[in-house]
Amino acid sequence: MLNSIAVMTSGGDSPGMNAAVRAVTRTALHAGVKVWGIRGGYHGMLDEDMFEMTSKDVSDIIQRGGTFLGTARCKRFATPEGRMLGYKNLNDRGIQGLVVVGGDGSLRGASIFSKETGIPIVGLPGTIDNDVWGSEYTIGSDTAANTIIDAINKLRDTASAHRRIIVLEVMGRNSGYLAMVAGISGGSEYILVPEEEYDLDEICEDMKESYAKGKRYILMVVAEGAGKGNEIGKIVAEKTGLDTRVSKLGHIQRGGSPTVIDRVNASRLGENAALAIISGLSDIVFGFDRGHVVSINLHDAVNNKKKLNPEFMRLAKVLA
Ligand code: ADP
């Protein structure tokens, strides 16, 4: 059994990371294990920006978006020298295992770090994109989807008043998950995702027909990886001749107080991560499968690409 561990958040922040860190920390302290917080992702490990945490350090954070530990992208950690320095800094403090909460890139870094140094690592999927292989859920994806829905509700009001076409660009460079779930739950007519080809000419013809039949407005949700909202909006306006407006939500999607789902799921994942790492397990990521917490091999998680659920794609078309 390990007697001293560290926890960090890395890469893009996501709502619920705080709940995860809180759960890791309190579970470990409850088991009599020391917990270090590493600030600013892998940067903090390399720059020795870490501190031993008490239960109080994680109080009053479960309701906050972002991550109180801070996060960053760290180029030095992508080099073997950088990782060796990180390992030395952990060793110097007697830290025997690490919990990394982050996206695909952060988990990839963790996978390499554990292979190279042998330090036990447990990962938690923390990203709004919901694109970590092996888990149906990632921390923050529910809050982000709800943020988009809130925007869609408001955009619908004004779109309807003016008989406009609204093109809404949402986050998702490689993953159409957010666009798909927000599009389905926001009643969007068209959802463009990077995982699926689309024919804009055909869509524009379809839009014109719908308007001719009396449709009051149209909502199109575009994942950023499927195209730039502005460019798509321009083409739609030209080809349909209809009043078209583009909205880009941007970083608003990353923030906000986490939903109940993100808080509870992050807490459950955090507890599992702490119990696993202190019992000496390594190279696993905890995620969800059909509502249950499951462990996934860390290397499999980063070496496979998660596919967008085809059921979503089918349903979106049926309901449009
Ligand atoms: P996310 O975790 O949100 O996907 P990034 O892809 O930016 O974010 O990754 C976050 C950090 O993880 C990087 O800045 C880097 O320090 C580390 N990382 C990512 N990929 C690798 C890699 N192949 N090798 C080592 N470290 C990596």
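Check the entry above for the structure.
The rules behind the values
- Residues numbered from 1 in each chain as written.
- Predicted model: local features only at pLDDT ≥ 70, side-chain atom pairs only at ≥ 80, totals over all residues.
- Heavy atoms only, no water.
- Near = heavy atom within 4 Å.
- Polar contact = N/O pair within 3.5 Å; in protein donor to acceptor, adjacent residues only side chain to side chain.
- Areas by Shrake-Rupley, 256 points an atom, 1.4 Å probe, with all protein chains shown as cover.
- Patch = residues over 30% accessible without salt bridge, like charges linked within 9 Å, V, L, I, M, F, W, Y side chains within 5 Å.
- Salt bridge = Lys/Arg side-chain N within 4 Å of Asp/Glu carboxyl O.
- Lys, Arg positive; Asp, Glu negative; His and termini not counted.
- Charge placed at Lys NZ, Arg CZ, Asp CG, Glu CD.
- Helix = DSSP H or I, 4+ residues; strand = E, 2+ residues; numbered from the N terminus.
- Buried < 20%, exposed > 50% of the residue type's maximum accessible area, 1.4 Å probe, protein only.
- Contact = heavy atoms within 4.5 Å.

**A closer look at the site of the ligand**
So, step 1. Taken together, the neighbourhood of the ligand is formed by 16 residues, with G12, R73, C74, G105 and S106 sitting nearest.
So, step 2. C74 is positioned with one of its backbone polar atoms (N or O) 2.6 Å from an oxygen atom of the ligand.
So, step 3. Within the side chain of S106, one N or O atom sits 2.5 Å away from an oxygen atom of the ligand.
So, step 4. Alone, the ligand offers 550 Å² of accessible surface; in the complex the protein occludes 76% of this.

**Here we look at a negative patch on the surface**
So, step 1. The grouping of D199, E202, D206 and E209 at the surface amounts to a negative patch.
So, step 2. Positionally, E202 belongs in helix 7 (residues 200-212).
So, step 3. The exposure class assigned to E202 is exposed, which follows from its relative accessible area of 57%.

**Some thoughts on helix 6 (residues 177-185)**
So, step 1. Burial runs high along helix 6: seven of the nine residues are buried.
So, step 2. Listing the buried residues of helix 6 in full gives Y177, L178, A179, M180, V181, A182 and G183.
So, step 3. Those residues of helix 6 hidden inside the fold are in contact with helix 5 (141-162), strand 6 (165-170), strand 7 (190-192), strand 8 (218-223) and helix 11 (310-319).
So, step 4. G187 sits one or two positions beyond helix 6 and adopts a positive phi of about 65 degrees.

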